[in-house]
Amino acid sequence: IVVLTGGTGGAKFAQGLMRVLPARELTFVVNTGDDFRWWGLPVSPDLDSITYALADLLSRDRGWGVEGDTFHCLEAMGRLGAPTWFRVGDRDLATHLMRGQLLAAGKTLSAATVEITRRWEIEARILPMTDARVETRILTPAGDLSFEEYFVRERYQVPVEGVRLKGIEMAQPAPGVLEAIETADVVLLAPSNPITSIGPILAVPGIRKALAETPAPIGAVSPIVGSRAVSGPAGTLMQLQGLPVSPEGVARFYADFLDVLIADERDASALRGVSVSGVRFHCTQTLMKSLDDKVQLARAAVESTQQAQVVG
Ligand code: GDP
C-alpha cells in the first residue's frame, strides 16, 4: 500500500493505517516542499510528522512534534536572540541534528531518512518525494514566503497571490518512488492539503504519470468537509487555483488518476448529483478525533479503494 502524504492530516491517517495493516506493507511518499533550514539545521516537517506517527512518538495534543517534549533549547535560543516562532522541542531537535550530520556526511535525504527510521525501529518505508531541493513558495503582496513562514509564523492570515514550487523542474522522484507506485496493490492519498502537500508530490516530474499508468486502484481521502478544510489553508489555496472548495473540487484536482474519493458522510446528499469523470464517491465518517476514528477511516479507505478495482 503506497500513501502520498503531507504532515498533520497524513500523520493522523498513518496512525490508523499502521493499526489496520502490517507496517512492512506500507510505503509513505512524503512531501518535502515544506523543508527549510532552521537555526542552520535541515528541517523536514512532513517527514518528521510521519516518522513520529509511525514510531508512536507524535504529540497527542499538539499533533506535531514529540509527545512530552520539553522546550529548553528553544527558550535558550530565544534568550540568545534567535527566532522562536517555529517551535522545535528538545527531542525533536535531535532529529534535525542527526539529519544534519547524515547530510553533511554526504548522504541523500532518502538515505538519511532510512537511517533515522531504522533507528526508531519503524518497519514501514518512508520515502521523501525527491532528494532534490524543492521549495514551496507562497507569493504574497509583501513578497514571497516559505511554507512554514506562511503557515506557522503568519498563521496563514496573509493574502496569497500564488504558489510556486521552486526547483521542481529539475527534481527527480527519490529512489523507489516510481517503482512503489507502479507495483502497489493500492495507492492512497492522505487527507492532506491538495495544493501544498499533495500538489508538490504530483508535480515531481514522472510521479503524476506513474499514478495515471499504475494498474493499482487509487483512493484519496478528502481534507475538505462541506465547503471548508478541516483545518489549515487548503480551502483558500484551492480557491486560488480556481477549484471549488468541496469534495468535488478535490476529486476534480485528482481526476486524471483517481478512482475513488473518500468523502465525509455529511457530504453524501450533496454529492448525489455530482459526477467527476472516472471518480466514484464513497462517503463515511472522515473526522479523525479518536484513535478509533483513525482506524475506521484507514480501513474504509483501503477497502473502498480495493473495491474500486473489482468494480472496474
Ligand atoms: P501539513 O503538511 O501539516 O499541512 O499537513 P497535511 O497537508 O497532511 O494535512 C492538512 C490537511 O488535513 C488539511 O487540509 C485538513 O483539512 C486535513 N485534515 C486534518 N485533519 C483531518 C481529519 O481529521 N479528517 C479529514 N478528512 N481531513 C483532515
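For the structure given in this document, a descriptive report is provided here. Since the structure is predicted, the reported quantities are computational estimates derived from the model, not experimental observations. (Residues numbered from 1 in each chain as written. Predicted model: local features only at pLDDT ≥ 70, side-chain atom pairs only at ≥ 80, totals over all residues. Heavy atoms only, no water.)

What follows concerns the site of the ligand. Taken together, 21 residues form the shell around the ligand, and within it Pro-191, Ser-192, Asn-193, Ser-197 and Thr-286 come nearest. In this structure, Asp-46 approaches the ligand through a side-chain N or O atom, which is 3.1 Å from an oxygen atom. Between a nitrogen atom of the ligand and a main-chain N or O atom of Thr-286, the distance comes to 2.8 Å. Taking 590 Å² as the accessible area of the ligand by itself, protein coverage stands at 96%. The element contributing the most residues to the shell around the ligand is helix H1 (residues 8-20), with 4 residues. Across the shell around the ligand, the residue classes tally to 7 nonpolar, 11 polar and 3 charged. (Near = heavy atom within 4 Å. Polar contact = N/O pair within 3.5 Å; in protein donor to acceptor, adjacent residues only side chain to side chain. Areas by Shrake-Rupley, 256 points an atom, 1.4 Å probe, with all protein chains shown as cover. Helix = DSSP H or I, 4+ residues; strand = E, 2+ residues; numbered from the N terminus. Nonpolar A, V, L, I, M, F, W, Y, C, P; charged D, E, K, R; others polar.)

Positive phi, normally seen in glycine, also occurs at Trp-39, with a value near 55°. On the basis of relative accessibility, which here comes to 21%, the residue Trp-39 falls in the partly exposed class. Positive phi, close to 45°, is recorded for Arg-155, a residue that is not glycine. Relative to the helices and strands, Arg-155 is located in the loop between helix H6 (147-153) and strand E8 (162-166). (Buried < 20%, exposed > 50% of the residue type's maximum accessible area, 1.4 Å probe, protein only.)

We now examine the layout of surface pockets. Of the volumes computed, that of the second largest pocket is approximately 210 Å³. Mapped onto the lining of the second largest pocket, the elements with two or more residues apiece are strand E3 (36-38), strand E4 (41-43) and helix H4 (90-104). (1 Å grid on protein atoms, 1.4 Å probe; cavity = no way out; pocket = protein on both sides within 12 Å on 5 of 7 lines; lining within 4 Å. Points joined across faces, edges and corners; volume = space filled by probe spheres on them.)

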